[in-house]
Amino acid sequence: MLVFDHVGKSFGEHRAVDDLSFELTAGEVFGLLGPNGAGKTTAINMAVGLLEPDVGVVRFVGEAFDLDPREADNRGALGLAPQSVALYEELSAADNLRFFGRLYGLSSGDLEDRVASCLDFADLAEVRNKVVSKYSGGMKRRLNLAVAIVHDPDLVLLDEPTVGVDPQSRNAIFERVEQLRFEGKQVIYTTHYIEEAQRLCDRVAIVDRGRLLALDTVHALIEGHGGAGRLKVVTDAGDLSYATTDPLRTLSALQKEHAIEHFRYQPPDLETVFLSLTGRALRD
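The rules behind these values
Residues numbered from 1 in each chain as written. Predicted model: local features only at pLDDT ≥ 70, side-chain atom pairs only at ≥ 80, totals over all residues. Heavy atoms only, no water. Helix = DSSP H or I, 4+ residues; strand = E, 2+ residues; numbered from the N terminus. Expected span 1.5 Å × (residues − 1). Contact = heavy atoms within 4.5 Å. Pairing = 2+ DSSP bridges. Axes fitted to C-alpha atoms, helices over the stretch in contact; angles between N-to-C directions. Parallel < 35°, antiparallel > 145°, perpendicular 65-115°, else oblique. Left-handed = near helix turned anticlockwise from the far one by under 90°. Nonpolar A, V, L, I, M, F, W, Y, C, P; charged D, E, K, R; others polar. Patch = residues over 30% accessible without salt bridge, like charges linked within 9 Å, V, L, I, M, F, W, Y side chains within 5 Å. Areas by Shrake-Rupley, 256 points an atom, 1.4 Å probe, with all protein chains shown as cover. Salt bridge = Lys/Arg side-chain N within 4 Å of Asp/Glu carboxyl O. Phe/Tyr/Trp six-rings, centres within 6.5 Å; stacked < 30°, edge-to-face > 60°. Buried < 20%, exposed > 50% of the residue type's maximum accessible area, 1.4 Å probe, protein only.

What follows covers helix H3 (residues 108–121). For H3, built from 14 residues, the straight-helix expectation of 20 Å at 1.5 Å per residue is met to within 8% by its first-to-last C-alpha distance of 20 Å. Where H3 is buried, its residues contact helix H2 (93–103), helix H4 (137–148) and helix H5 (167–182).

A separate point is the sheet that holds strand E12 (residues 238–244). The sheet built from three strands is open, its strands ordered E12-E11-E13 with antiparallel pairing. Whereas interior strands pair on both sides, the edge strands pair on one side only; in this sheet they are E12 and strand E13 (260–266). When the angles between neighbouring strand axes are averaged without regard to direction, this sheet yields 15 degrees. One ladder, built from seven bridges, connects strand E11 (residues 229–235) with E12; its direction is antiparallel. Counterpart to Lys232 in the pairing with E12 is Ser241.

Next up on the list: the environment of Leu78. Mapping Leu78 onto the fold places it in strand E6 (residues 78–81). The sequence separation of Leu78 and Ala148 amounts to 70 residues, and the corresponding C-alpha distance is 8.3 Å.

Another point: the packing of H2 against H3. Their axes nearest at 10 Å, the elements H2 and H3 cross at an angle of 130 degrees. Looking at the two axes, H2 sits oblique to H3. Taken as a pair, H2 and H3 cross one another with a handedness that is right-handed. Within the contact between the two elements, H2 uses Ala93, Ala94, Leu97, Arg98, Gly101 and Arg102 and H3 uses Leu111, Glu112, Val115, Cys118 and Leu119.

Let us now look at the packing of H2 against H4. Following both chains from N to C, one finds H2 and H4 inclined at 25 degrees, their axes separated by 9 Å at the closest point. The angle between H2 and H4 falls in the class roughly parallel. Taken as a pair, H2 and H4 cross one another with a handedness that is right-handed. Every residue of H4 that contacts H2 at Ala93, Leu97 and Phe100 is listed here: Leu143, Ala146 and Val147. Here the contact of H2 with H4 is composed, by residue class, of six nonpolar, no polar and no charged.

This paragraph deals with a nonpolar patch on the surface. Judged by side-chain polarity, Tyr88, Phe99, Leu103 and Tyr104 come together as a nonpolar surface patch covering roughly 400 Å² of accessible area. With respect to the helices and strands, the residue Tyr104 is situated in the loop between H2 and H3.

All right, on to the pattern of salt bridges then. All chains considered together, the criterion is met by 16 salt bridges. Salt-bridge contacts for Arg59 lead to Asp5; the nearest nitrogen and oxygen are separated by 3.4 Å. Note that Arg59 is positioned in strand E4 (residues 55–60) and Asp5 in strand E1 (residues 2–11), a separation of 54 residues in sequence. Linking Asp246 and Arg249 is a salt bridge whose minimum nitrogen-to-oxygen distance equals 3.7 Å.

Pairing of E1 with E4 involves five bridges; the strand directions are antiparallel. By the bridge assignment, Gly8 is partnered in E4 with Val55. A loop of two residues connects E1 with strand E2 (residues 14–23), the two strands running antiparallel in sequence, and Gly12 in this loop sits at a positive phi of about 65 degrees.

For the structure shown, the criterion picks out five aromatic pairs. Taking 5.2 Å as the distance between ring centres and 85 degrees as the angle between the ring planes, the aromatic pair formed by Tyr88 and Phe99 counts as edge-to-face. Placement of Tyr88 in the loop between E6 and H2 and of Phe99 in helix H2 is noted, with a sequence separation of 11 residues between them. Residue classification places Tyr88 among the partly exposed positions, given a relative accessible area of 38%.

Here it is, written out as structure tokens:
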């Protein structure tokens, strides 16, 4: 469906995307995980044809993107929910969906069916005629997602879809993404929230400073890059802490020297992998 083949993009002297390669497999949620400024949004903009790579090529359904909109016959198979909410706030939710649906060529009964379906999907049917300026941040985010799928695309690109929303709205968005997977859609999900990638994504590409650092399933990333876990033990000699990949062996050896009152083992997780690959220094 979508292939990045050694793609690079610069803005002046700043290299936003640097030799990025990946491809989507059918029916997966593919995560682009990286800190702010890692190049995720630039990659998304090239994925939908808003930006042209300086080097390399982006292929969608087997063909390189043509930035001339008159040649963009296959873009109806794409749906984009950008990081900055892209809605007309003076219109209602229903009218926003109608407007964007018409841009994709929907008309008459098909359009109204899709509007109703997307309002239900976003849990906004009861406020369908309320102007968007009166919506909460979470409601706008859900409508932003609904607009991205109003034309029933095969590939949905979600760029930081939970920025600035409350926990309830975030969880609702998670459930919608999981529903899209269940319906057989392919999803690209960019985030800097590690727990989101770990929950939602079948595979995760960790990117930083425009470069791909690692790409695999969450389990394989942890196996390959997680390193040692942390074993914390309370003994008759006090509190002890060990970095270990074999907590049972460590406990067995420790038990020969001390009486163990209790212990807790924290295995490596995706956060461990992320910090190992991108570093722990603050990014201000």
